[in-house]
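Spelled out from the first residue to the last, the chains are:
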Amino acid sequence: MEAVRASAAWVASRSSHVTVDLQEIEKVVDKIQGNVPKVEWDFEGIHYFDNGPLTVQYLFVLDALNFCFWPDKDLSYDHLASGLKLALEKDKTALDADRLKNYTGPQLRQLLNWPRPLPIEEERVRLLHEVGLELERNFGGQAANLVKSAGNSAATLIELITRHFPGFRDHSLYKGHQVFLYKRAQIFVADLWGAFKGQNYGEFNDINSITIFADYIVPAVLRELGILKYGSNLSCSIDSNREIVPGSEEEVEIRACSIYAVEKMRDLIGKKFGKQNMALSHHRTLSIYY
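Conventions and cut-offs
- Residues numbered from 1 in each chain as written.
- Predicted model: local features only at pLDDT ≥ 70, side-chain atom pairs only at ≥ 80, totals over all residues.
- Heavy atoms only, no water.
- UniProt positions renumbered as here; feature names shortened; annotations may be inferred.
- Phe/Tyr/Trp six-rings, centres within 6.5 Å; stacked < 30°, edge-to-face > 60°.
- Helix = DSSP H or I, 4+ residues; strand = E, 2+ residues; numbered from the N terminus.
- Pairing = 2+ DSSP bridges.
- Salt bridge = Lys/Arg side-chain N within 4 Å of Asp/Glu carboxyl O.
- Buried < 20%, exposed > 50% of the residue type's maximum accessible area, 1.4 Å probe, protein only.
- Axes fitted to C-alpha atoms, helices over the stretch in contact; angles between N-to-C directions.
- Parallel < 35°, antiparallel > 145°, perpendicular 65-115°, else oblique.
- Left-handed = near helix turned anticlockwise from the far one by under 90°.
- Contact = heavy atoms within 4.5 Å.
- Nonpolar A, V, L, I, M, F, W, Y, C, P; charged D, E, K, R; others polar.
- Lys, Arg positive; Asp, Glu negative; His and termini not counted.
- Polar contact = N/O pair within 3.5 Å; in protein donor to acceptor, adjacent residues only side chain to side chain.

Under an unreviewed UniProt entry, the protein chain has the name Queuosine 5'-phosphate N-glycosylase/hydrolase and belongs to Urochloa decumbens. If you open the UniProt record of the protein chain and go to Function (unreviewed entry), you find "Catalyzes the hydrolysis of queuosine 5'-phosphate, releasing the nucleobase queuine (q). Is required for salvage of queuine from exogenous queuosine (Q) that is imported and then converted to queuosine 5'-phosphate intracellularly." Taken verbatim from the UniProt record of the protein chain, the Catalytic activity (unreviewed entry) comment is "queuosine 5'-phosphate + H2O = queuine + D-ribose 5-phosphate".

Here's what the structure looks like:
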């Protein structure tokens, strides 16, 4: 995703609240000696998988809802993934397009077996409706048809997703410049690739084109490693759990600089070692994009 890489680099070159420490990147790369551990998809056993179209439908709905858990201290991604899995195991039609477009907040909670309103619940319901309507309108109701139409190209699939599903258009404006981040669209591609082990619905001839997914945890880890340096005001806000406004310079810089830093790490690992793949205080932003 060259648009993501280019706009992240543009932000990093002008960032005033977040700095990428290139020397620390080199230290970290030398320390790990290029040994980036591989993690098996679904090593926790929380995802639905049947090796067919229903898995694709599950993953698309999962990643449509995969954002902003932190306002509820008990809620996590694991609850979302396992909740949807159990719902499908009970009822294979639970994520059909005609049902997605009609779910209410209480019905979504029941689907996930969650006892109270979800963070940004209205947006989650709106996104379910969007996914159901657009899948029905243009893809025969099946996310599998969306994936097939990309012709085994990760970049094409991301372009199709962001064209047809506005809720996946993870864009920001920074100093008059459009920044592309695409966390949830890219993670859907990665989930397909991981779940299907690069075959069938997970076969992409350009899987290396995707970037790191700019969320909460990646910048927290990079900050802990000393790769991301925050200005004093931003550090104070994060460490005291104050919300960072979505679309603010600080928020865009955190996410864009995370992508830029990991791209630099990947490049350096490739040059040095010939390899191309690879409880912290995090920033809090109420956002549907991560």
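The final tally for this structure, using the stated rule, is eleven aromatic pairs. Look at W10 and Y174: their rings are 6.2 Å apart centre to centre, the planes differ by 90°, and that puts the pair in the edge-to-face class. Residue W10 is found in helix α1 (residues 2-14), and its partner Y174 is found in strand β2 (residues 171-174); the two are separated by 164 residues along the sequence. Judged by centre distance (5.9 Å) and plane angle (45°), the ring pair of F180 and Y182 falls under tilted. Taken together, F60, F139, F165, F168 and F188 form an aromatic cluster joined through their ring pairs.

This part covers the pairing of strand β3 (residues 177-180). As paired strands, β2 and β3 are joined by four bridges and run antiparallel to one another. Within β3, the residue paired with H171 across the bridge is F180. The turn joining β2 and β3, which pair antiparallel and follow one another in sequence, is formed by two residues; a positive phi near 50° is taken by K175.

Take the pattern of salt bridges next. Applying the stated criterion across every chain, the model contains 20 salt bridges. Between K229 and D21 there is a salt bridge whose closest N-O contact spans 2.8 Å. Within this pair, whereas K229 is found in strand β4 (residues 228-230), its partner D21 is found in the loop between β1 (18-20) and α2 (22-32), the two being separated by 208 residues in sequence. Judged by its relative accessible area of 36%, K229 falls in the partly exposed class. Residue K197 is joined to E40 by a salt bridge in which the shortest nitrogen-to-oxygen separation is 3.1 Å. Taken together, the residues span a long stretch of sequence, with K197 in the loop between α10 (183-195) and α11 (217-224) and E40 in the loop between α2 and α3 (53-64) at a distance of 157 residues. Per residue, the accessibility class of K197 equals that of E40, and both read exposed. Residues joined by salt bridges that share partners form a network here, namely E2, R5, E263 and R266.

The next subject is the packing of helix α9 (residues 154-164) against α10. α10 packs onto α9 with a crossing angle of 135° between their chain directions and a minimal axis gap of 9 Å. Of the possible angle classes, the one that applies to α9 and α10 is oblique. Regarding α9 and α10, the two cross each other, and that crossing is right-handed. Residues A154, L157, I158, I161 and T162 of α9 form the contact with α10, whose participating residues are A185, Q186, F188, V189 and L192. A class-by-class count of the residues in the contact of α9 with α10 yields eight nonpolar, two polar and no charged.

Along the chain, the position of D42 falls in the loop between α2 and α3. Put simply, D42 is tucked away with no salt bridge, and the nearest opposite charge, on K85, sits 5.4 Å away. At 2.9 Å, the side chain of D42 forms a polar contact with the side chain of H47.

Within α11 the residues assigned to the buried category are V218, P219, A220 and L222. Close packing links the buried residues of α11 with β4 and α13 (249-273). G226 sits one or two positions beyond α11 and adopts a positive phi of about 90°.

On to the packing of α3 against helix α7 (residues 121-138), then. Their axes nearest at 9 Å, the elements α3 and α7 cross at an angle of 145°. Note on packing geometry: the crossing formed by α3 with α7 is right-handed. Facing Q57, F60, V61 and A64 of α3, the residues of α7 in contact are L127, L128, V131 and L135. Grouping the amino acids of the contact of α3 with α7 by side-chain chemistry returns seven nonpolar, one polar and no charged.

With that settled, the discussion passes to the environment of T211. Take T211: it is sitting in the loop between α10 and α11. You can call T211 buried: its relative accessible area is 5%. Sequence-wise, T211 and Y182 are 29 residues apart; in three dimensions their C-alpha atoms are separated by 9.2 Å. Each residue touching T211, except ones within four places of it in the same chain, is listed here: M1, V4, R5, Q186, I259 and E263.

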